[in-house]
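# Survey of secondary and tertiary structure
Residue strings, one per chain:
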Amino acid sequence: MPSLPSDSSSGATRAARAMQLCVGPLQYWWPRQTLMAFYADIAEGPADTVVLGEVCCSRRHEFTLDDWLALGRELTQAGKRVRLATLPLLMSEAELRQMRRIAAEQTEFELEAGDTAALQAHASRPDGRPRPALALGPHINIYSRSALREHTLPGCATWVPPLELALDAVARINPPRDPVRAPEGGALRTELFAFGRMPLAFSARCFTARHHHLPKDQCDFRCRDDADGLLLKSREGQDFLVLNGIQTQSAGLHCVLGEPDAIAAAGIAALRLSPCSGDFHAMLVLHEQVFNGRLPAAEALRQAAGLNLPGTLVHGFARREAGMKELEHA
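These figures come from a predicted structure and were not determined experimentally.

Tallied over the entire structure, the rule returns 21 salt bridges. Taking the shortest distance from any N to any O, the salt bridge between Arg-83 and Glu-110 comes out at 3.6 Å. Remark: Glu-110 occurs in strand β4 (residues 110-113) and Arg-83 occurs in strand β3 (residues 81-85); sequence separation between them is 27 residues. Judged on exposure class, the residue Arg-83 and its partner Glu-110 are both buried. Where Glu-93 meets Arg-100, a salt bridge forms, and the shortest distance between an N and an O atom there is 3.5 Å. Within this structure, Arg-81, Arg-83, Glu-110, Glu-112, Arg-189, Glu-191 and Arg-272 form a network of salt bridges that share partners.

Over its 13 residues, helix α3 (residues 65-77) runs 19 Å from end to end, which matches the ideal 18 Å to within 8%, given 1.5 Å per residue. The set of residues buried in α3 consists of Leu-65, Asp-67, Trp-68, Leu-69, Leu-71, Gly-72, Glu-74 and Leu-75. Buried positions along α3 lie against α2 (32-44), β2 (49-52), β3 and α4 (93-105). The positive-phi residue at the C-terminal boundary of α3 is Gly-79, with phi of around 95 degrees.

A few words on the confidence of the model for the protein. Scored by pLDDT, the protein comes out at a mean of 92, with 94% of its residues at no less than 70. The low-confidence segment residues 8-16, where pLDDT is below 50, has six contacts with residues more than four positions distant or belonging to other chains.

It is worth spelling out the pairing of strand β1 (residues 20-23) at this point. A regular strand carries its side chains on alternate faces of the sheet. Residue alternation in β1 divides its side chains into two sets, Gln-20 and Cys-22 and Leu-21 and Val-23, and both sets are buried. Sheet topology places β1 next to strand β11 (residues 270-273); four bridges connect them, and they run parallel. Its bridge partner being in β11, Gln-20 is matched across the sheet by Ala-270. Examined bridge by bridge, β1 and β2 share two bridges and lie parallel to one another. Bridge pairing in β2 places Val-23 opposite Val-50. On the question of chirality, the crossover connecting β1 to the parallel β2 by way of α2 is right-handed.

If you check α2, its first and last C-alpha atoms are 19 Å apart, about what 13 residues at 1.5 Å a residue would give, namely 18 Å. Looking only at α2, the buried set comprises Leu-35, Met-36, Phe-38, Tyr-39, Ile-42 and Ala-43. Looking straight down α2, one finds that the buried residues subtend no more than 160 degrees of arc, so they occupy a single side. In α2, the exposed residues that point more than 90 degrees away from the buried face are Gln-33 and Glu-44. Looking at the buried residues of α2, the elements they touch are β1, β2, α3 and α10 (280-291).

Moving on, we get to the nonpolar core. If you look at the biggest cluster of nonpolar residues, it comprises 79 residues, and the most contacted ones within it are Tyr-39, Phe-195 and Leu-257. Residue contacts for Leu-257: discarding those within four places in its chain leaves Met-283, Leu-286, His-287, Val-290, Phe-291, Ala-297, Ala-300, Leu-301 and Ala-304. One finds Cys-56, Cys-206, Ala-209 and Ile-246 within the second-largest nonpolar core, a separate group that totals six residues.

On to the packing of α4 against helix α5 (residues 116-123), then. It is at 8 Å that the axes of α4 and α5 come closest, and there the two elements cross at 45 degrees. Between α4 and α5, the angle is such that the two are oblique. Where α4 crosses over α5, the handedness of that crossing is right-handed. Judged by residue contacts, Met-99, Ala-103 and Ala-104 of α4 engage Ala-117, Ala-118, Ala-121 and His-122 from α5. In terms of residue class, the contact of α4 with α5 is made up of six nonpolar, one polar and no charged.

Thresholds applied
Residues numbered from 1 in each chain as written. Predicted model: local features only at pLDDT ≥ 70, side-chain atom pairs only at ≥ 80, totals over all residues. Heavy atoms only, no water. Salt bridge = Lys/Arg side-chain N within 4 Å of Asp/Glu carboxyl O. Helix = DSSP H or I, 4+ residues; strand = E, 2+ residues; numbered from the N terminus. Buried < 20%, exposed > 50% of the residue type's maximum accessible area, 1.4 Å probe, protein only. Expected span 1.5 Å × (residues − 1). Contact = heavy atoms within 4.5 Å. pLDDT = per-residue confidence, 0-100. Pairing = 2+ DSSP bridges. Right-handed = clockwise from strand over helix to strand, strands pointing away. Arc of directions from axis to C-beta. Core = buried A, V, L, I, M, F, W, Y, C linked by side-chain atoms within 4.5 Å. Axes fitted to C-alpha atoms, helices over the stretch in contact; angles between N-to-C directions. Parallel < 35°, antiparallel > 145°, perpendicular 65-115°, else oblique. Left-handed = near helix turned anticlockwise from the far one by under 90°. Nonpolar A, V, L, I, M, F, W, Y, C, P; charged D, E, K, R; others polar.

Right under this line is the structure:
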């Protein structure tokens, strides 16, 4: 595997910034060369944390778990904090075994639990086996403070709220002045899904295969043809949803660049950006500049409107409105 660039100064840079940035797991099937080039750029960019692993379909074999582990080591050497994610929907014994390798066996990287089975596997590690830090992924149904407390197991450090939770709801569930605490006593940090197409639902069926009139187990891996998923339009011609294998996603790209004050008030510790084709790295830089006081939000939105992105910027969920509501300045 090609070596990624190292950055010995990135730790000091992270410490100097108020808002941390996280590159979420890749939701699409990109060619291996494209994927490696993407993470080489991430290694040199402002992201503090990178989430790796397959989070949609286990039939995607471009990268094995050993490949993800090797990439994680490269990114760690480049100064990044690495987290391994598990599938949100487990449908076979093979997927259960893979989840257990990540959640109960490997000790190198933090775990992001895609569902409660991964939480159970993490909690049931044999005595004496190191327990990596734990993040509660966005597809675990946590919509109240009591639910967050119930899911905060030993080692838990991060909560990624469900995508449709408004900022004021996130602030009430894990307020900055009275955060939920792990059994060890540490405050749980909130990591907000800040940019990207939102995975709204998962199904045992593969809708990409269905679109191409193929059975799921003989799909010809057609999702490789769609770098950002397969766009669906309404009868009126409006961009509506995106098919990505077993995922149904939003057509618009959720974006909170215009909400720095509300995000600060909610005590958000980190922002998560979901990878997409086009000018993703420019969006990463804009978020770093806005949320660390180096660029006004209005100017960032103006610049974002001119980027090559695979959809319209939307922000409704953050404001308790329809999720597909477009950004006024976009």
